[in-house]
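Observations on the model geometry
What follows is the residue order along each chain.
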Amino acid sequence: MSEPFRRKLVAGNWKMNTTRASAVELARGIAQLVPAGRTDVDVLVCPPFPYLYAVASAIEGSAVQLGAQDVYYEPPGAFTGEVAVNMLTDVGCRFVIVGHSERRHILCETDSVLRRKVAAAIVGGLEVIFCVGEHLAEREANQTEKILDSQMAGGLTGLAEADLEHVTIAYEPVWAIGTGRTATAQQADDVHLYLRKWLADRYNPRRVQSTRILYGGSVNPKNALELLSEPNVDGALVGGASLKVETFQPIIEAAAVATQGGGTKA
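If you're wondering where the values come from, they're calculated on a predicted model, not measured in any experiment.

Glancing now at the overall build of the protein. Each helix and strand counted, the protein has 11 helices and 8 strands in total. Over its C-alpha atoms the protein spans a radius of gyration of 17 Å, differing by no more than 12% from the 18 Å that the globule rule assigns to 266 residues. Across its three principal axes, the protein shows a C-alpha extent of roughly 45 × 45 × 35 Å. In the protein, buried positions account for 52% of the 266 residues. Within the protein, counting contacts between residues at least 6 apart in sequence, those at least 24 apart form 74% of the total. Working note: accessible area of the protein is about 12,000 Å², and carbon and sulfur atoms make up 51% of it. Taken together, the 25 basic and 30 acidic charged side chains of the protein have centroids lying 1 Å from each other.

As structure tokens, then:
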């Protein structure tokens, strides 16, 4: 049986960067790279909350999709500073990132909070990019699989099989985020395969074969093609390199080449 087709997804996580003007300029530049009708790669940008609407307008008419960096799990109400699911869909978001390591480790988000966010986002019509990953000390202590097991169970327990199609997993080794240090292509592929097997043990394996698993961790123009050519690496969650068109474009093009089977792997 042939492997299912999974078109690569390149997602730009702008984090707490850009101004309104620079966000719009960046979005317009990316939109020119991904015009309506381009189908060889999926491209997503996730700007800060204040600029979502402006970026939505800037990418209108292109194939670039809009995502948010976080969401709250409660419906609109007395939750000062939070943003509800329907607010995100109202300004044009299709995706939301949940469980990024910076929210786990800096802002102390727990598994129970992340699980509620995943569920609320899916119910509200958003596609979820759910992030998992280990610290350097955990990898060096051979605890990567243990940490991933805990994080996957913590965020996805109770997720109905039908809802799995609305979830993309992003493996982001914490030791490689913004450090310039990147997992080797083989390390990334091994972990992605492990995560797919984790899902296959709990859901219909045939359905799991359609789930995209992204790599995030200092992805840049120099390493993108090698990483994205691995059979279990279905795209990239890109941080710093997504803040400039000239560094994001080569990653998009690498993903397109890898999708078509023209990368370093047969």
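This brings us to the side chain of Asn 223. Examined against the element boundaries, Asn 223 turns out to sit in the loop between strand 7 (213-215) and helix 10 (224-228). With relative accessibility at 13%, the residue Asn 223 sits in the buried group. At a separation of 3.1 Å, a polar atom in the side chain of Asn 223 contacts the main-chain carbonyl oxygen of Ser 218.

Here helix 1 (residues 20-33) crosses helix 2 (residues 52-59) at 30°, and the two axes come no closer than 8 Å. When the interaxial angle is binned, helix 1 and helix 2 end up roughly parallel. The two elements helix 1 and helix 2 cross, and the hand of that crossing is right-handed. Listed contacts from helix 2 to Arg 20, Ala 23, Val 24, Ala 27, Arg 28 and Ala 31 of helix 1 are Ala 54, Val 55, Ala 58 and Ile 59. Its residues assigned to classes, the contact of helix 1 with helix 2 shows 8 nonpolar, no polar and 2 charged.

Here the second largest pocket is characterised by a volume of approximately 370 Å³. Forming the boundary of the second largest pocket are 15 residues, of which Lys 15, Met 16, Gln 69, Glu 102 and Arg 103 lie nearest the centre.

Moving on, we get to the nonpolar core. With 77 residues, the main nonpolar core has Phe 130 and Ile 169 as its most contacted residues. In contact with Phe 130, not counting residues within four places along its chain, are Val 98, Arg 104, Leu 114, Val 118, Gln 151, Met 152, Gly 155, Leu 156, Val 167, Thr 168, Ile 169 and Ala 170.

Here we take up the packing of aromatic side chains. In the structure shown here, the tally under the stated rule is 3 aromatic pairs. Ring centres of Tyr 72 and Phe 79 lie 5.3 Å apart, and the angle between their planes is 55°; this geometry places the pair in the tilted category. In this structure Phe 79 comes out as partly exposed when scored by relative accessible area, which is 34%. Note on Tyr 171 and Tyr 215: the rings are 6.2 Å apart at their centroids and 55° apart in plane angle, and the pair reads as tilted. With Tyr 171 in strand 6 (residues 167-171) and Tyr 215 in strand 7, this pair connects stretches of sequence that are 44 residues apart. Taken together, the ring pairs in this structure connect Tyr 72, Tyr 73 and Phe 79 into an aromatic cluster. One cation-aromatic arrangement involves Arg 202 over Trp 198; the distance from NZ or CZ to the ring centre is 3.8 Å.

If you trace the backbone, Pro 75 turns up in the loop between strand 3 (65-68) and helix 3 (85-90). Classification of Pro 75 by relative accessible area gives exposed; the value is 52%. It is 9.7 Å that separates the C-alpha atoms of Pro 75 and Gly 124, two residues lying 49 residues apart in sequence.

Cut-offs applied
- Residues numbered from 1 in each chain as written.
- Predicted model: local features only at pLDDT ≥ 70, side-chain atom pairs only at ≥ 80, totals over all residues.
- Heavy atoms only, no water.
- Helix = DSSP H or I, 4+ residues; strand = E, 2+ residues; numbered from the N terminus.
- Rg over C-alpha atoms; globule rule 2.2 N^0.38 Å.
- Buried < 20%, exposed > 50% of the residue type's maximum accessible area, 1.4 Å probe, protein only.
- Contact = heavy atoms within 4.5 Å.
- Areas by Shrake-Rupley, 256 points an atom, 1.4 Å probe, with all protein chains shown as cover.
- Lys, Arg positive; Asp, Glu negative; His and termini not counted.
- Charge placed at Lys NZ, Arg CZ, Asp CG, Glu CD.
- Polar contact = N/O pair within 3.5 Å; in protein donor to acceptor, adjacent residues only side chain to side chain.
- Axes fitted to C-alpha atoms, helices over the stretch in contact; angles between N-to-C directions.
- Parallel < 35°, antiparallel > 145°, perpendicular 65-115°, else oblique.
- Left-handed = near helix turned anticlockwise from the far one by under 90°.
- Nonpolar A, V, L, I, M, F, W, Y, C, P; charged D, E, K, R; others polar.
- 1 Å grid on protein atoms, 1.4 Å probe; cavity = no way out; pocket = protein on both sides within 12 Å on 5 of 7 lines; lining within 4 Å.
- Points joined across faces, edges and corners; volume = space filled by probe spheres on them.
- Core = buried A, V, L, I, M, F, W, Y, C linked by side-chain atoms within 4.5 Å.
- Phe/Tyr/Trp six-rings, centres within 6.5 Å; stacked < 30°, edge-to-face > 60°.
- Lys NZ or Arg CZ within 6 Å of the ring centre and 35° of its normal.

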